[in-house]
Amino acid sequence: DAGKGEYDHYMLKEIHNQPTSLSNTIEGRIEDGDVAFEDLAAGSFEDIETVQFVACGTSYHAAMYGAQLLRATGVRTEVLRASEYESMTGPVDEATLAVAVTQSGETADTLDAVREAADRGARTLAVTNVVGSTAAREADDAIYIRAGPEVGVAATKTFSSQAVTLALLTQRIAADVPSATPVEDRATMLEELQRLPEHVESVLETTDADDLARETLDSESYFFIGNGLSHSVALEGALKFKEITYEHAEGFAAGQLKHGPLALVTDETPVFSIYTGIGDEKTRTNAIEAQSRGAPIVAVGPDDHPLVEVADARLAVPDTHPVWAGLLANVQLQLLSYHAAKQLDRPIDKPRNLAKSVTVE
Ligand code: G6P
């Protein structure tokens, strides 16, 4: 336990480690406005036509984040829950890159999926935190997220480092694939990425998550909604919340709220509404819809946004490029889950029934 230092839990320590872990993730990988990975020469993805991301749990949400950024460059992209790989995969051949996103590099479902992809002819790449892990050894190539060891069962800093590594990877792939169109404001996006550690620091210093967790504590259910990039953050926010508080939490694509979940909405169901500054209109309208049914709305994102004006409460993040805003919102949601679990006196670092790495199918 000495490893926890000044913190009550490893989870809080790992949340607070993110400015450092993210700096390590980024270091040396942005050169003259271009993305470079050690061991992967420029041009190494030029024969790739389809990219499949396979992952489980939190890593799946990071994979969703990366997949959306890659799709925006015009590269054919799939994101698959590893356990569903066999039944859900599209065609696979030598022009397919299967990317296993796995913190531990040991998740049985993910290893199985990537082996299946390799059997079908795909080239494979592991994006992992653990040097020498099974995924890293078995894949054709490996990229490390460099988050450092994570002890808390609920993944926090590794999600942030995975999402950033995948964002960088998508820019590398798009630069290599001849038919891809690099995103228009790539230079600004990469510049802002270098400021992400300081933005995370500012969230950690100014957060109201502790108070908000207390105010919303006796709710019946906790809903998290977002659109586009924020959808993956909503799913991750809900997963974290249920993992460590044991309260019922669900994440939805904002536009899906009215297709069923709205029936559950009452004044006992806070709706955490995540936005980035692009493609948020559906989040705003669906949040208002829930609010008119009595639900308190918490706006999670930067200032200067229409959602802020209608929200009942706020978890604010600094202004940044929309691609990174969701990752800052996610830090606020990590803190919200942590403080709610602490107030409920849960065993935060070791939630019941869960394991850090699941090595059985
Ligand atoms: C378990 C953990 C999750 C993790 C998932 C995938 O379910 O409890 O926190 O996201 O495995 O793990 P991986 O090591 O493959 O990222």
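None of these values were measured; they are calculated from a predicted model.

Definitions and limits used
- Residues numbered from 1 in each chain as written.
- Predicted model: local features only at pLDDT ≥ 70, side-chain atom pairs only at ≥ 80, totals over all residues.
- Helix = DSSP H or I, 4+ residues; strand = E, 2+ residues; numbered from the N terminus.
- Rg over C-alpha atoms; globule rule 2.2 N^0.38 Å.
- Buried ≥ 20, exposed ≤ 12 C-beta atoms within 10 Å, placed from the backbone.
- Near = placed C-beta within 6 Å.
- Nonpolar A, V, L, I, M, F, W, Y, C, P; charged D, E, K, R; others polar.
- Contact = placed C-beta atoms within 7 Å.
- Pairing = 2+ DSSP bridges.
- Axes fitted to C-alpha atoms, helices over the stretch in contact; angles between N-to-C directions.
- Core = buried A, V, L, I, M, F, W, Y, C linked by C-beta atoms within 7 Å.
- pLDDT = per-residue confidence, 0-100.
- Parallel < 35°, antiparallel > 145°, perpendicular 65-115°, else oblique.
- Left-handed = near helix turned anticlockwise from the far one by under 90°.

## Some words on the overall build of the protein
Part 1 of the argument: Of regular secondary structure, the protein possesses 14 helices and 12 strands.
Part 2 of the argument: Taking 2.2 N^0.38 as the reference for a compact globule, 361 residues should give roughly 21 Å; the C-alpha atoms of the protein span a radius of gyration of 19 Å, in line with that estimate.
Part 3 of the argument: The C-alpha extent of the protein, read off along each of the three principal axes, is 55 × 45 × 40 Å.
Part 4 of the argument: Counting the 361 residues in the protein, one finds 53% classified as buried.

## What to know about the site of the ligand
Part 1 of the argument: Around the ligand, the structure places 16 residues, and the nearest of them are Gly 57, Thr 102, Gln 103, Ser 104 and Thr 107.
Part 2 of the argument: The element that contributes the greatest number of residues to the shell around the ligand is helix H3 (residues 57-71), accounting for 3 residues.
Part 3 of the argument: Split into classes, the residues belonging to the shell around the ligand amount to 6 nonpolar, 9 polar and 1 charged.

## Notes on the environment of Leu 335
Part 1 of the argument: As for its position among the elements, Leu 335 is in helix H14 (residues 322-343).
Part 2 of the argument: Using a count of 25 C-beta atoms within 10 Å as the deciding quantity, one classes Leu 335 as buried.
Part 3 of the argument: With 98 residues separating them in the primary sequence, Leu 335 and Gly 237 have C-alpha atoms 10.0 Å apart.
Part 4 of the argument: Dropping the residues within four chain positions of it, Leu 335 is found in contact with Ile 15, Thr 207 and Ala 209.

## Details of unusual backbone geometry
Part 1 of the argument: Positive phi outside glycine occurs at Asp 32, with the angle close to 50°.
Part 2 of the argument: Here Asp 32 lies in the loop between strand E1 (30-31) and strand E2 (34-35).
Part 3 of the argument: Residues other than glycine seldom take positive phi values, yet Asn 353 does so here, at roughly 70°.
Part 4 of the argument: Its place among the elements puts Asn 353 in the segment after H14.
Part 5 of the argument: The exposure class assigned to Asn 353 is exposed, which follows from the 6 C-beta atoms found within 10 Å.

## Comments concerning the sheet that holds strand E7 (residues 141-144)
Part 1 of the argument: Overall, parallel pairing links the 5 strands, which are arranged E4-E3-E5-E6-E7 in an open sheet. Two strands close off the open sheet at either side, each with one partner strand: strand E4 (76-81) and E7. Across the sheet, the mean angle from the axis of one strand to that of its neighbour is 20°, orientation sign disregarded.
Part 2 of the argument: In terms of strand pairing, strand E3 (residues 50-55) meets strand E5 (residues 96-102) through 6 bridges, oriented parallel. Across the sheet, residue Val 51 finds its bridge partner in E5, namely Leu 97.
Part 3 of the argument: Contacting E3, E5, strand E6 (123-128) and E7, helix H7 (residues 157-176) runs over the sheet at an angle of about 145° to E6.

## What about the sheet that holds strand E9 (residues 249-253)?
Part 1 of the argument: In spatial order, the strands read E9-E8-E10-E11-E12; together these 5 strands make up an open sheet with parallel pairing. Looking at strand neighbours, the two that pair on one side only are E9 and strand E12 (313-317), the edges of this open sheet. Adjacent strand axes in the sheet meet at a mean angle of 20°, parallel and antiparallel pairs treated alike.
Part 2 of the argument: Relative to E12, strand E11 (residues 297-302) runs parallel, the two sharing 5 bridges. By the bridge assignment for E12, Pro 302 is matched with Val 317.

## Here we look at the nonpolar core
Part 1 of the argument: Phe 53, Val 54, Ala 63, Ala 100 and Val 127 are the most contacted members of the largest nonpolar core, which totals 115 residues.
Part 2 of the argument: A total of 13 residues in this core trace back to one element, the largest contributor, which is H14.
Part 3 of the argument: Once you skip the residues sitting within four places of it in the chain, Phe 53 turns out to touch Ala 63, Gly 66, Ala 67, Val 79, Leu 80, Val 99 and Val 101.

## Regarding the confidence of the model for the protein
Part 1 of the argument: Put simply, the protein has an average pLDDT of 96, and 99% of its residues get 70 or more.
Part 2 of the argument: For this predicted complex, the interface confidence reaches an ipTM of 0.98, while the overall pTM sits at 0.97.

## Structural notes on the packing of helix H2 (residues 18-26) against H7
Part 1 of the argument: Relative orientation of the contacting elements H2 and H7 amounts to 30°, with a least axis distance of 9 Å. In terms of their interaxial angle, H2 and H7 are classed as roughly parallel. The way H2 lies across H7 gives a crossing that is right-handed. Along the contact surface, H2 presents Gln 18, Ser 21, Leu 22, Thr 25 and Ile 26, while H7 presents Lys 157, Ser 160, Ser 161, Val 164 and Thr 165.
Part 2 of the argument: A class-by-class count of the residues in the contact of H2 with H7 yields 3 nonpolar, 6 polar and 1 charged.

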